[in-house]
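Structure at a glance
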Amino acid sequence: MGWFSSSKQDDTVAISRQDRKKCWDSRDVYYACLDGAGVVKAGTEGSACSKQLKEYEKNCAKSWIEYFNQRRIIADAQKDRLARAQEQFNAKR
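Residues numbered from 1 in each chain as written. Predicted model: local features only at pLDDT ≥ 70, side-chain atom pairs only at ≥ 80, totals over all residues. Heavy atoms only, no water.

1. Focus on the state of the cysteines
What counts, and what does not: Counting rule for disulfides: a pair of cysteine sulfur atoms within 2.5 Å. In DSSP terms, a helix is any run of H or I states spanning at least four residues, a strand is any run of E spanning at least two, and both are numbered starting from the N terminus. Relative accessible area decides the class of each residue, using a 1.4 Å probe on protein chains only: under 20% of the type maximum gives buried, over 50% gives exposed, and in between gives partly exposed.
On inspection of all chains with the given rule, the structure shows two disulfides. A sulfur-sulfur separation of 2.0 Å characterises the disulfide bridge that pairs Cys23 with Cys60. Taking the sign of the S-S torsion, 115° for the link of Cys23 and Cys60, the bridge is right-handed. With a gap of 37 residues between them, Cys23 in helix α1 (residues 17-37) and Cys60 in the loop between α2 (50-59) and α3 (62-92) connect regions that are remote in the sequence. Under the relative-accessibility criterion, Cys60 is labelled buried at 7%. What pairs with Cys33 in a disulfide is Cys49, and their sulfur atoms sit 2.0 Å apart. Disulfide Cys33-Cys49: the torsion about the S-S bond is -90°, which places it as left-handed. With Cys33 in helix α1 and Cys49 in the loop between α1 and α2, this pair connects stretches of sequence that are 16 residues apart. Accessibility classification places Cys33 together with Cys49 in one group, the buried group. With its bonded cysteines labelled in order along the sequence, the chain shows the pairing 1-4, 2-3.

The structure is reproduced here in structure tokens:
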């Protein structure tokens, strides 16, 4: 065993372009369902989008799901802040 080698096996799997696309597509379908239900925070929709959620969870890594869901909340908050800033800007004109 050398300095730069390890006896520990690497269990990570390279994700193919098709797998990423499948994940993104299932995320988009799930988020469209959430938008239709008027829900921003994923996981709070009850049973409204359960079929889409199962596909999303099946096609995406857990770490990706956590990241996408956090980005969804942040993006919604940014949208609100930008709208308020635009209103303030227009009011000063």
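2. What to know about α1
Going by this rule: Expected span, for any helix, means 1.5 Å times one less than how many residues it has. What the arc describes is the spread of directions from the helix axis to the C-beta atoms. In this analysis, two residues are considered to be in contact whenever any of their non-hydrogen atoms come within 4.5 Å of each other.
Here α1 contains 21 residues, and its C-alpha end-to-end distance of 30 Å stays within 8% of the 30 Å for a straight helix at 1.5 Å per residue. Restricting attention to buried positions, one finds in α1 the residues Cys23, Ser26, Arg27, Tyr30, Tyr31, Cys33 and Leu34. The buried residues of α1 all sit within an arc of 155° when viewed along its axis, so they share a single face. Residues of α1 that are exposed and angled more than 90 degrees away from the buried face: Arg17, Gln18, Asp35 and Gly36. Next to the buried residues of α1 lie α2 and α3.

3. Structural notes on the nonpolar core
One recurring pattern in soluble globular proteins: nonpolar side chains tend to sit buried together. Rule in force here: The nonpolar core is taken to be a set of buried Ala, Val, Leu, Ile, Met, Phe, Trp, Tyr and Cys residues, with the residues joined through side-chain atoms within 4.5 Å.
Counting 12 residues, the largest nonpolar core is built from Cys23, Tyr30, Tyr31, Cys33, Leu34, Val39, Ala42, Cys49, Tyr56, Cys60, Ile65 and Phe68. Residue assignment for this core shows that the elements contributing at least two residues are α1 and α3. Residue contacts for Ala42: discarding those within four places in its chain leaves Tyr30, Leu34 and Asn69.

4. Section: the packing of α1 against α3
Going by this rule: Axis definition: a line fitted to C-alpha atoms, limited for helices to the stretch in contact. Angles are taken between N-to-C directions and run from 0 to 180 degrees. Roughly parallel covers angles under 35 degrees, roughly antiparallel covers those over 145, roughly perpendicular covers 65 to 115, and oblique covers all other angles. By definition, turning the near helix anticlockwise from the far helix through less than a right angle yields a left-handed crossing, and turning it clockwise yields a right-handed one. As a working rule, the residues Ala, Val, Leu, Ile, Met, Phe, Trp, Tyr, Cys and Pro are called nonpolar, Asp, Glu, Lys and Arg charged, and the rest polar, with Gly in that last group.
Put simply, α1 and α3 touch, their axes get as near as 12 Å, and they point 40° apart. Considering the angle they form, α1 stands oblique to α3. In this structure, α1 meets α3 at a crossing whose hand is right-handed. Residues Arg20, Cys23, Trp24, Arg27, Tyr31, Leu34 and Asp35 of α1 lie in contact with α3, whose contacting residues are Trp64, Phe68, Asn69 and Arg72. Considered class by class, the residues forming the contact of α1 with α3 number six nonpolar, one polar and four charged.

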